[in-house]
Amino acid sequence: MTPPEYVRPTTVADALLALRAGTALAGGITLAQHADRLTRLVDLQSAGLDILEVEGDRIRLGAMLRLQPMVVAEAELPDALREAARREAGLNLRTSASVGGTLLTCTGRSPLVTALLALHAQVRQEPGPVQSSLDDLLTRRGSLPVGALITDVLLQAPMRASLSCVARSPADRPIVCAVVTRLAGRAPSFGVALGGFGMRPVLVPEAELALAAGDVSGAAEAAKAAYAQADDAWASAEYRSEVAAVLVRRLAGEVGA
């Protein structure tokens, strides 16, 4: 087997040029199984995309930021987001896995992506720059244009944010994960996301609107309906929908809904 060409650009502009005929190498966790089909690896770790920046209530996560620095960023990140990053993987993987790679390869059982959805995160891509919601990126990630590069994830620090996960063991990925946030300067002023099932976590806009109207029971029912068909080998839809309702009701109280 001929090993793939390896390039390590030092700027985003050079990375975009290399990606026209190459595959981005972030943490490398998911690429190893496809190594025999790759012709060029574009290592992004020197392209200046590993930042964690806070300015006022605005948080910027570089696409190459590893998950472990998020876990220990007590002064910069809300506790719910730090906990979601911790639950995403064990320590060894957190030191390799990147934010951008997690967004592009996650399944519905990703606590970190569930939390970012509830925070209504925005994703910036090059060339452009093009900015879109994380929800939109997750919908389109199977059809992103060749050479597209995620550079940043942008979010507003929440007034309050709470996360709760139910799993078979403390170290396992969740069967149900719920995150509820309270955000300033947007309507509705709540974010609600569910994880634990399917190809990606999901926003529950009906629950967000219900919380904005002061209807916690309505938000719980919306969460229950969102997972009414969430049946797989890990758990039944009936179980997931009931747990989702309980978690959203509990978290709504924690964020002051």
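Right above here is the structure, for reference.
Description of the structure in this document. For clarity, every value in this text was computed on a predicted model and none was experimentally measured.

## Concerning the nonpolar core
If you look at the biggest cluster of nonpolar residues, it comprises 39 residues, and the most contacted ones within it are Leu61, Met70, Leu81, Leu116, Leu134 and Leu155. Counting residues in hydrophobic clusters, the runner-up holds 25 residues, among them Val204, Leu211, Val216 and Val255.

## With respect to the environment of tyrosine 6
Following the sequence through the fold, tyrosine 6 ends up in strand β1 (residues 5-7). Not counting chain neighbours up to four residues away, the residues in contact with tyrosine 6 comprise Leu25, Leu41, Asp43 and Gln45.

## Digging into the packing of helix α8 (residues 205-212) against helix α9 (residues 216-226)
In contact at an axis separation of 7 Å, α8 and α9 are set at 175 degrees when each is read in the N-to-C sense. In this view, α8 runs roughly antiparallel relative to α9, as classed from their interaxial angle. Contact with α8, carried on its side by Glu206, Ala207, Ala210 and Leu211, involves Val216, Gly218, Ala219 and Ala222 of α9 and no other residues of that element. Grouping the constituent residues of the contact of α8 with α9 by class yields six nonpolar, one polar and one charged.

## A look at the sheet that holds strand β6 (residues 122-126)
Within a beta sheet, neighbouring strands are joined by backbone hydrogen bonds and run either parallel or antiparallel to one another. An order of β4-β5-β8-β6-β7 is seen for the five strands of this open sheet, with the pairing classed as antiparallel. Single-partner strands in this sheet number two, and they are β4 (52-55) and β7 (130-133). The average angle at which neighbouring strand axes cross in this sheet is 20 degrees, direction not considered. Inspection of the sheet shows β6 paired to β7 by four bridges, in the antiparallel sense. Residue pairing for β7: arginine 124 is matched across the bridge by glutamine 131.

## Description of the layout of surface pockets
The space that makes up the second largest pocket amounts to roughly 180 Å³. In this structure, the second largest pocket is lined by Arg58, Ile59, Arg60, Leu119, His120, Gln122, Gln131, Leu154, Leu155, Gln156, Leu183 and Arg186. Listing elements by their share of the lining of the second largest pocket, those giving two or more residues are β5 (58-62) and β8 (149-156). Looking at the lining of the second largest pocket residue by residue, the classes come out as five nonpolar, four polar and three charged.

## Some remarks on α8
Burial in α8 covers these residues: Ala207, Glu208, Ala210 and Leu211. Around the axis of α8, the buried residues are gathered within 165 degrees of arc, so they sit on the same side. Exposed and oriented more than 90 degrees from the buried face of α8 are Glu206 and Leu209.

## Focus: the pairing of strand β3 (residues 40-43)
Two strands pair when backbone bridges link them, and β1 and β3 are joined in this way by three bridges, in the parallel orientation. Residue pairing across strands places glutamate 5 opposite arginine 40, the latter belonging to β3. Relative to β3, strand β2 (residues 23-25) is paired through three bridges, and the arrangement is parallel. Within β3, the position partnered with alanine 24 by the bridge is valine 42.

## A short note on the packing of α9 against helix α10 (residues 237-254)
Direction vectors running N to C along α9 and α10 enclose 150 degrees, while the axes themselves pass 7 Å from each other. With respect to α10, the element α9 is oriented roughly antiparallel. Handedness of the crossing formed by α9 with α10: right-handed. In this structure, α9 uses Val216, Ser217, Ala219, Ala220, Ala223 and Lys224 to contact α10, whose residues at the interface are Ser241, Glu242, Ala244, Ala245, Val248, Arg249 and Ala252.

## Quick word on the environment of alanine 235
The residue alanine 235 is located in the loop between α9 and α10 in this model. Since its relative accessible area comes to 12%, alanine 235 is described here as buried. A C-alpha to C-alpha distance of 6.9 Å links alanine 235 and isoleucine 175, two positions 60 residues apart in sequence. Look past the residues within four positions of alanine 235 in its chain and what remains in contact with it is Ile175, Ala230 and Arg240.

## So, the sheet that holds strand β10 (residues 176-182)
The four strands are arranged β9-β10-β11-β12 in an open sheet whose pairing can be described as antiparallel. Edge positions in the sheet fall to β9 (160-166) and β12 (202-203), since each has one partner strand and no second. Strands β9, β10 and β11 (190-195) of the sheet are contacted by α10, whose axis makes an angle of about 25 degrees with β10.

Reading guide: rules and limits
Residues numbered from 1 in each chain as written. Predicted model: local features only at pLDDT ≥ 70, side-chain atom pairs only at ≥ 80, totals over all residues. Heavy atoms only, no water. Core = buried A, V, L, I, M, F, W, Y, C linked by side-chain atoms within 4.5 Å. Buried < 20%, exposed > 50% of the residue type's maximum accessible area, 1.4 Å probe, protein only. Helix = DSSP H or I, 4+ residues; strand = E, 2+ residues; numbered from the N terminus. Contact = heavy atoms within 4.5 Å. Axes fitted to C-alpha atoms, helices over the stretch in contact; angles between N-to-C directions. Parallel < 35°, antiparallel > 145°, perpendicular 65-115°, else oblique. Nonpolar A, V, L, I, M, F, W, Y, C, P; charged D, E, K, R; others polar. Pairing = 2+ DSSP bridges. 1 Å grid on protein atoms, 1.4 Å probe; cavity = no way out; pocket = protein on both sides within 12 Å on 5 of 7 lines; lining within 4 Å. Points joined across faces, edges and corners; volume = space filled by probe spheres on them. Arc of directions from axis to C-beta. Left-handed = near helix turned anticlockwise from the far one by under 90°.

Interpretation in functional terms is not warranted from these geometric data alone.
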